[in-house]
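Listed below, chain by chain, are the residues.
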Amino acid sequence: VLADHRSGCAVENRAIRHFDSLLRHAGFVTANLPDVVVRIGELPASKVTQQWIGSSNAIVHAVVPAGKWIDPDHRAGAMIVDASVLSDIRDDLRDRPRSAHRFADAWERADQQAARVLSSLLDGESPMSEPAVARAAIRSVPGDGALVVSSSMPVRDVEWFGQHRSDIGVFSNRGANGIDGVIATAIGVAVTGRATVCLIGDVALLHDSSSLTALAKRNLNLTIIVTDNDGGGIFSFLPQASALSPDRYEQLFGTPHGTDLVALCRSHHLDARTVTTAAEIVAAPGCQVLVATSQRTPNVSVHEQLNAAVGVALDTLGG
């Protein structure tokens, strides 16, 4: 089971959580190709996971709600609306001898190795980075609370580098909506009475800054954590970052805004401040905004270094 945090299935020792990092290792990919893939609901954010499934030529079955066709990659051979098939699969696996679970065992060992590596690099007194902020955001959510994750890099950093939390709910707007309405969604979750943490990028915050209006007057427990790299951070990971001149890239994709986000939030009478360490990212009663600054180009290097470290660890397992 490859489970992202939104699924509610990322249970420790029962699901693979760092699949994106594992599938960036060529040896691991070659040694662990599936014959059949059962996809439940939406696709994960990980592009390399979809590429791995496509390159495997596996038979793909999608389990979806009745009346929905969720197959943007056109890879599913069948759409299944009866979720009881999952119980049948579970029972079939339970009846098989342990020797038949070598495929799952290889994934589990690799995932545990990746978890140890990422924890050593991103937790404790590690330097601030966007993946470290994502882990701190997950850690800050009170028990039985909720995490709302914005599109673009926040949802990916949570999916790729986030640690295990089975006692919280994770929500995210996915699909054609893009980065619109993330603060409004977080407010809607918090209105239910759950202590809520929202992890969001700077551009998404600016897109929905009207939702900050009168937020300070609401009796909500909502902590908004903003990764501020002054622009569209996800595009630094895409080919246009190197295909265009720096000035043209910044104009079309970097889109630096130069906004003082702390001042913006304070203008709405919100408790807002800049944080410089992961230890400062702590949820608190009431509404607050914590801004963690970052730089887009070094952020790409951080992601590459984390994935490379996982790859080295996998080499010690023989791929």
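For the structure, check the block above.
In this report, the structure presented in the accompanying data block is examined. (Residues numbered from 1 in each chain as written. Predicted model: local features only at pLDDT ≥ 70, side-chain atom pairs only at ≥ 80, totals over all residues. Heavy atoms only, no water.)

As for the sheet that holds strand β1 (residues 36-40)
Here is the rule we go by: In this scheme, strands are said to pair when DSSP sees at least two bridges between them. Strands are runs of DSSP state E lasting at least 2 residues, helices are runs of H or I lasting at least 4, and numbering of each runs from the N terminus. Axis angles are defined between N-to-C directions and span 0 to 180 degrees, where every axis is a line fitted to C-alpha atoms and, for a helix, only to the segment in contact.
With respect to topology, three strands assemble into an open sheet ordered β1-β2-β3, the strand pairing being parallel. Edge positions in the sheet fall to β1 and β3 (78-80), since each of these pairs with one other strand and no more. Shown here is a sheet whose adjacent strand axes are inclined to one another by a mean of 25 degrees, direction ignored.

Thoughts on the packing of helix α7 (residues 153-161) against helix α13 (residues 296-315)
Heads up, the condition is: To sort the angles, those under 35 degrees are grouped as roughly parallel, those over 145 as roughly antiparallel, those from 65 to 115 as roughly perpendicular, and the leftovers as oblique. Here is the rule for handedness: rotate from the far helix to the near one, and if that takes an anticlockwise turn smaller than a right angle the crossing is left-handed, while a clockwise turn gives right-handed. In what follows, residue pairs with any heavy atoms lying within 4.5 Å of each other are defined as contacts. Nonpolar residues are Ala, Val, Leu, Ile, Met, Phe, Trp, Tyr, Cys and Pro. Charged residues are Asp, Glu, Lys and Arg, and all others, Gly as well, are polar.
Relative to each other, α7 and α13 sit at 15 degrees, their axes nearing to 13 Å. Overall, the two elements α7 and α13 adopt an arrangement that is roughly parallel. As for how α7 packs across α13, the hand of that crossing is left-handed. Side by side, α7 and α13 meet where Met153, Asp157, Trp160 and Phe161 of the first sit next to His303, Leu306 and Asn307 of the second. Of the residues belonging to the contact of α7 with α13, the class tally is four nonpolar, two polar and one charged.

Looking at the sheet that holds strand β9 (residues 287-293)
In any sheet, the strands associate via hydrogen bonds between backbone groups, in a parallel or an antiparallel arrangement. The strand order β5-β4-β6-β7-β9-β8 describes an open sheet built from six strands, whose pairing is parallel. The two strands at the open ends of the sheet, each matched to only one other strand, are β5 (169-171) and β8 (271-275). Going from strand to strand, the sheet's axes swing by 20 degrees on average, the running direction of each strand aside. Bridging between strand β6 (residues 196-201) and strand β7 (residues 222-228) involves six bridges; their strand directions are parallel. Across the sheet, Gly201 pairs through a bridge with Thr227, a residue of β7.

Focus: the pairing of β6
Stated formally: Buried means the residue's accessible area, taken with a 1.4 Å probe over protein chains only, is under 20% of the maximum for its type, while exposed means over 50%, and partly exposed covers the values in between.
Burial runs high along β6: six of the six residues are buried. Every second residue of β6 is oriented toward a common face, with Thr196, Cys198 and Ile200 on one face and Val197, Leu199 and Gly201 on the other, all of them buried. Note: strand β4 (residues 146-149) against β6, four bridges, orientation parallel. Bridging from a neighbouring strand, Ala146 pairs with Thr196 of β6.

Digging into unusual backbone geometry
Within the chain, Ser152 stands out as a residue other than glycine whose phi angle is a positive 75 degrees. For Ser152, the position within the fold is in the loop between β4 and α7. For Ala214, which is not glycine, the phi dihedral falls at a positive 65 degrees.

A look at helix α3 (residues 47-56)
Taken residue by residue, α3 has Val48, Thr49, Gln50, Trp52, Ile53 and Ser56 as its buried positions. Check the buried side of α3 and you find it contacts α1 (19-22), α2 (26-31), β1, β2 (59-63) and α5 (102-122). Among the residues trailing α3, Asn57 stands out with phi positive, at a value near 60 degrees.

Things to note about the packing of aromatic side chains
We apply this condition: Only the six-membered ring of Trp is used, alongside the rings of Phe and Tyr, when aromatic pairs are assigned; centres must lie within 6.5 Å, and planes under 30 degrees apart are stacked while those over 60 apart are edge-to-face, with the rest tilted.
In this structure the tally under the stated criterion is six aromatic pairs. Arranged with centres 6.4 Å apart and planes meeting at 65 degrees, the rings of Phe103 and Trp107 form a pair that is edge-to-face. One end of the pair is Phe103 and the other is Trp107, both in helix α5 and four residues apart, which spans about a single turn. Centroid distance Tyr249 to Phe253: 6.0 Å. Interplanar angle 25 degrees. Geometry classified as stacked. Residue Tyr249 and its partner Phe253 are located together in helix α11 (residues 246-254), separated by four residues, close to a single helical turn.

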